[in-house]
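Observations on the three-dimensional arrangement
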Amino acid sequence: MECSGTEGAVSLNWGQWTVRAFPGLLTARAEAADQESLRRIQDLLTARLQKFGRREHLTVNWRRPAGDA
C-alpha cells in the first residue's frame, strides 16, 4: 500500500486500485487482468467505502473509462 496526502494505491496479486481525494469527491480506479478479478476488486472496495462512509450516506458508482468497450 502506498499513500500520500490525497492519494493511495493498493496492489494485490490479482489487481490494484487507486483512490484520490478532492474537496467533496473521492475517485477510485480499479484495474485487473480479467473481468472476474475486476469485479472482486470493485466489490471489495465498494463494501469498504460504504462501511466507512455510512454516516455521510456515501454511494459508490463505477463506470468504464470513455472509449472502453
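Relevant structure appears above.
To start, this report covers the structure provided alongside it. The shown structure was predicted, so the numbers you read here are calculated from the model rather than taken from an experiment.

1. Quick word on the overall build of the protein
- Counting its regular elements, the protein contains one helix and four strands.
- The order of α-helices and β-strands along the protein, N terminus first, is β-β-β-β-α.
- Long-range pairs, those at least 24 residues apart, make up 19% of the contacts in the protein with a sequence separation of at least 6.
- When the accessible surface of the protein is summed, it comes to about 5,800 Å², and 49% of that surface belongs to carbon and sulfur atoms.
- Computed over 10 positive and 8 negative side-chain charges, the separation of the two mean positions in the protein equals 7 Å.

2. Considering the packing of aromatic side chains
- In the structure shown here, the tally under the stated rule is zero aromatic pairs.
- Across from the ring centre of W14, 3.9 Å away, lies the NZ or CZ of R40, which sits over that ring.

3. Some points on the side chain of Q42
- Looking at the element boundaries, Q42 is found in helix α1 (residues 35–52).
- With relative accessibility at 11%, the residue Q42 sits in the buried group.

4. Describing the pairing of strand β2 (residues 7–12)
- Direction of pairing for strand β1 (residues 2–3) relative to β2: antiparallel, over a ladder of two bridges. Bridge pairing links E2 to A9 in β2.
- Hairpin geometry of β1 and β2 is characterised by an intervening segment of three residues between the two adjacent antiparallel strands.
- As paired strands, β2 and strand β3 (residues 15–22) are joined by six bridges and run antiparallel to one another. Its bridge partner lying in β3, A9 is registered against T18.
- Counting the residues that bridge the hairpin from β2 to β3 gives two residues.

Conventions adopted
Residues numbered from 1 in each chain as written. Predicted model: local features only at pLDDT ≥ 70, side-chain atom pairs only at ≥ 80, totals over all residues. Heavy atoms only, no water. Helix = DSSP H or I, 4+ residues; strand = E, 2+ residues; numbered from the N terminus. Contact = heavy atoms within 4.5 Å. Areas by Shrake-Rupley, 256 points an atom, 1.4 Å probe, with all protein chains shown as cover. Lys, Arg positive; Asp, Glu negative; His and termini not counted. Charge placed at Lys NZ, Arg CZ, Asp CG, Glu CD. Phe/Tyr/Trp six-rings, centres within 6.5 Å; stacked < 30°, edge-to-face > 60°. Lys NZ or Arg CZ within 6 Å of the ring centre and 35° of its normal. Buried < 20%, exposed > 50% of the residue type's maximum accessible area, 1.4 Å probe, protein only. Pairing = 2+ DSSP bridges.

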